[in-house]
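One-letter residues, chain by chain:
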Amino acid sequence: MPYCQATTRLYVIDSLVSSPAALLLLGPGLMLLTAAAPAAFAGRYPLAMGQLIQIAALVGLLCTLMAALAANLWEATTPVTLVVLGSDTGRIPVALSVLADNLTFTVLAMVCLLAAIIARYSTNYLAGEPTQGRFFRSLALTVSAFMLVVVAGNLLMFGLAIILTSTALNQLLTHYRDRLPAQMVAHKKLLLSRMADICLLSAALLIAASERSLSFEVIAATAAEGDPSWQLHLAAWLIVAFAILKSGQFPFHGWLLQVMEAPTPVSALLHAGIVYSGAIIVLRTHELLLADGNALVALALVGLMTAALASLAMLTQTAIKSSLAWSTAGQLGFMLLELGLGLFVLAVLHLIAHSLYKAHAFLSSGSMVDLLRAPGSKSRKRVTPLAWGVAVSLSAAVTFAMAATWGITLAKEPALVAIGTIVAVAVAQLLLAGWAGAALSVRLLAVSALTMAAYFGLHTVFAAVYSGVLNPIPHEVTAGYYLLLGLVAVVFLGLSYFQSVLTSGPHAPWLRRLYVHLYNGLYTDLPVERMVYR
């Protein structure tokens with residue numbers, strides 16, 4: 001027996017040393033050590049705490065890049081999942097494991113980079129405040145916990161790490177303890193987070209009872225066999241519920257809009273990183289959700305409703321951070337819509353791009369005041385329905401032509417019906433900006449073409465990079481899927497018409513009344529508000 005135990009220990013140590021996955025633990029480990037610094041030290045040397053967080057984040061980034069390089073060079077001899085403690089299988093599958101794949105490398109590198117930037121920004125933002133040291137301790141704990149969420153190789157470790165993340169984040173959200181609104185909203189957010197955690201842990205219990213394992217690889221292999229048990233079907237719906245609650249989706253979006261009393265670095269960390277935990281778990285368990293099918297449709301519909309509501313409400317906001325919060329809710333809705341449509345690769349591209357943009361938007365939100373005070377340009381001309389139709393038609397023609405040059409056609413990717421429409425609508429807004437200010441120029445058309453070329457180029461690159469991790473974009477779909485694609489296209493065309501045509505001319509009385517209701521988010525958060533503060 002002692003010999004077997006010694007052999008097991010040697011095997012674990014050898015795996016830790018030889019596996020690139022072990023490198024992924026160094027960043028979270030250093031960040032956790034920083035968080036464990038004594039309160040007296042943090043209070044006396046807050047600048048040193050900030051520097052330690054930056055060092056831990058940059059070391060984590062370097063280790064992630066090294067692990068990615070090693071995994072791609074020696075893929076044949078590198079285990080994908082490294083069990084650090086416990087066992088991933090058995091009657092009670094309790095284990096801490098690390099999953100090393102391209103999705104982990106990408107998201108973890110992004111989190112490390114954001115952590116370093118936010119810590120550097122916080123050094124000046126909170127300079128001179130007596131609670132700066134306490135802030136850095138909470139920041140280090142939150143970041144280290146979220147790093148463990150990203151590298152988790154099984155559902156149990158993911159669940160425990162996300163509970164620790166939300167608990168530590170609550171300390172950041174209530175950093176200013178004399179602000180009662182911040183305390184109330186943090187309480188609301190914590191309650192909804194606990195509801196999400198219950199959904200996820202319940203899903204874990206169902207999967208463990210059915211498959212005797214919580215490993216993401218085992219879940220994927222089981223789902224690939226087809227005919228999942230009732231426990232797996234129910235677990236799929238619980239995972240979708242977790243994603244909706246954690247992502248601040250309709251009708252639980254209120255907390256995401258109201259946590260604005262926290263320091264700006266906390267808003268950047270939340271909106272550019274932690275809020276993506278729902279999307280991450282969907283990506284990790286997408287094979288199971290595909291095997292169920294209906295749960296993904298529900299996710300797509302909720303995401304579409306949230307994206308539509310947020311797109312309209314964002315137009316009415318007068319506060320910069322409130323507008324950014326509605327933007328986050330809308331982008332997350334769009335991201336969950338992509339996941340619901342099975343466009344997992346595009347969801348990863350969206351996650352990375354939006355994360356970097358939103359971090360910059362929050363950290364530079366103070367400069368928006370100076371921008372708004374600058375002398376404005378002349379009011380834009382009214383966009384007529386004809387001009388809107390011409391712009392959308394022109395951009396659609398260029399969009400689908402550009403997609404075809406990259407080998408992306410409706411025959412190969414039916415989802416291009418929706419994605420192409422959304423890209424065309426976005427480009428049409430750019431063309432209409434030129435129409436409203438001056439005649440359409442060759443330069444504007446060139447910028448539009450380059451934008452679409454870059455998007456579809458990244459579309460192709462990400463599809464290749466994540467081909468072994470995520471299911472490809474579906475090539476054959478059902479009639480119901482086409483109906484969903486058509487609904488998405490109609491909704492985004494309607495939003496474009498509303499924003500471009502109806503809001504550019506004289507405001508009718510009904511539009512003024514609608515403005516007030518949209519400013520309040522159509523009061524869709526009131527039922528949840530009453531439930532939380534009862």
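It should be noted that the structure appears before, not after, this text.
First, a word on what this report is: a plain description of the structure on this page. (Residues numbered from 1 in each chain as written. Predicted model: local features only at pLDDT ≥ 70, side-chain atom pairs only at ≥ 80, totals over all residues. Heavy atoms only, no water.)

Remarks on the overall build of the protein chain
Logical step 1: Within the protein chain one finds 24 helices and two strands.
Logical step 2: A total of 534 residues make up the protein chain; the buried ones form 53% of that total.
Logical step 3: Long-range contacts, defined as pairs at least 24 residues apart, comprise 79% of the intrachain contacts of the protein chain with a sequence gap of at least 6.
Logical step 4: With an accessible surface of roughly 23,600 Å², the protein chain has 69% of that area assigned to carbon and sulfur atoms. (Helix = DSSP H or I, 4+ residues; strand = E, 2+ residues; numbered from the N terminus. Buried < 20%, exposed > 50% of the residue type's maximum accessible area, 1.4 Å probe, protein only. Contact = heavy atoms within 4.5 Å. Areas by Shrake-Rupley, 256 points an atom, 1.4 Å probe, with all protein chains shown as cover.)

With respect to the packing of aromatic side chains
Aromatic ring pairs are defined here through the distance separating the ring centres and the angle between the ring planes.
Logical step 1: Evaluation of the coordinates by the stated rule reveals eight aromatic pairs.
Logical step 2: Consider the rings of F462 and Y466, whose centres lie 5.6 Å apart with planes at 40 degrees: the pair is tilted. Here F462 and Y466 have matching classes, each one buried.
Logical step 3: Sitting over the ring of W255, K189 keeps its end group 5.5 Å from the ring centre. (Phe/Tyr/Trp six-rings, centres within 6.5 Å; stacked < 30°, edge-to-face > 60°. Lys NZ or Arg CZ within 6 Å of the ring centre and 35° of its normal.)

Quick word on helix α16 (residues 320-340)
Logical step 1: Along its 21 residues, α16 runs 30 Å from first to last C-alpha, staying within 8% of the 30 Å computed at 1.5 Å per residue.
Logical step 2: Burial within α16 is extensive, with 17 of its 21 residues counted as buried. (Expected span 1.5 Å × (residues − 1).)

Side note on the side chain of Q54
Logical step 1: The residue Q54 is located in helix α4 (residues 46-73) in this model.
Logical step 2: Setting aside its immediate chain neighbours within four residues, Q54 contacts A116, A119, R120 and T123.

Overview of the pattern of salt bridges
Logical step 1: Applying the stated criterion across every chain yields a total of five salt bridges.
Logical step 2: In this structure, the salt-bridge partner of D101 is R284, at a minimum N-O distance of 3.0 Å. Here D101, found in the loop between β2 (95-99) and α5 (102-125), pairs with R284, found in helix α13 (residues 277-284); they are 183 residues apart in sequence, far enough to count as distant.
Logical step 3: With a relative accessible area of 11%, D101 lands in the buried category.
Logical step 4: Salt-bridge contacts for E529 lead to K188; the nearest nitrogen and oxygen are separated by 2.6 Å. Here E529, found in helix α24 (residues 526-532), pairs with K188, found in helix α8 (residues 180-211); they are 341 residues apart in sequence, far enough to count as distant. (Salt bridge = Lys/Arg side-chain N within 4 Å of Asp/Glu carboxyl O.)

Some details on the environment of Y533
Logical step 1: Within the secondary structure, Y533 sits in the segment after α24.
Logical step 2: Between the alpha carbons of Y533 and M184 there is a distance of 8.6 Å; along the sequence they are 349 residues apart.
Logical step 3: Residues in contact with Y533, not counting those within four places in the same chain, are M184, V185 and K188.

Re a nonpolar patch on the surface
Logical step 1: Taken together, the side chains of Y515, V516, Y519, Y523 and L526 present a nonpolar region at the surface, about 450 Å² in accessible area.
Logical step 2: Its place among the elements puts L526 in helix α24.
Logical step 3: By relative accessible area, which is 38% here, L526 ends up partly exposed. (Patch = residues over 30% accessible without salt bridge, like charges linked within 9 Å, V, L, I, M, F, W, Y side chains within 5 Å.)

Some points on helix α19 (residues 385-405)
Logical step 1: Between the first and last C-alpha of α19 there are 30 Å, a value that for 21 residues agrees with the 30 Å anticipated at 1.5 Å per step.
Logical step 2: Buried within α19 we find A387, W388, A391, V392, S395, T399, M402 and A403. All buried residues of α19 lie within an arc of 120 degrees about the axis, which places them on one face of the element. In α19, the exposed positions that point more than 90 degrees away from the buried face belong to L386, V390 and T405.
Logical step 3: At the C-terminal side of α19, G407 shows a positive phi close to 80 degrees. (Arc of directions from axis to C-beta.)

A closer look at the state of the cysteines
What is meant by a disulfide is a covalent connection between two cysteines, made through their sulfur atoms.
Logical step 1: Under the definition given, this model contains zero disulfides.
Logical step 2: Between C112, a cysteine without a disulfide, and C63, which holds the nearest cysteine sulfur, the sulfur-to-sulfur distance is 8.6 Å.
Logical step 3: The exposure class assigned to C112 is buried, which follows from its relative accessible area of 1%. (Disulfide = S-S within 2.5 Å.)

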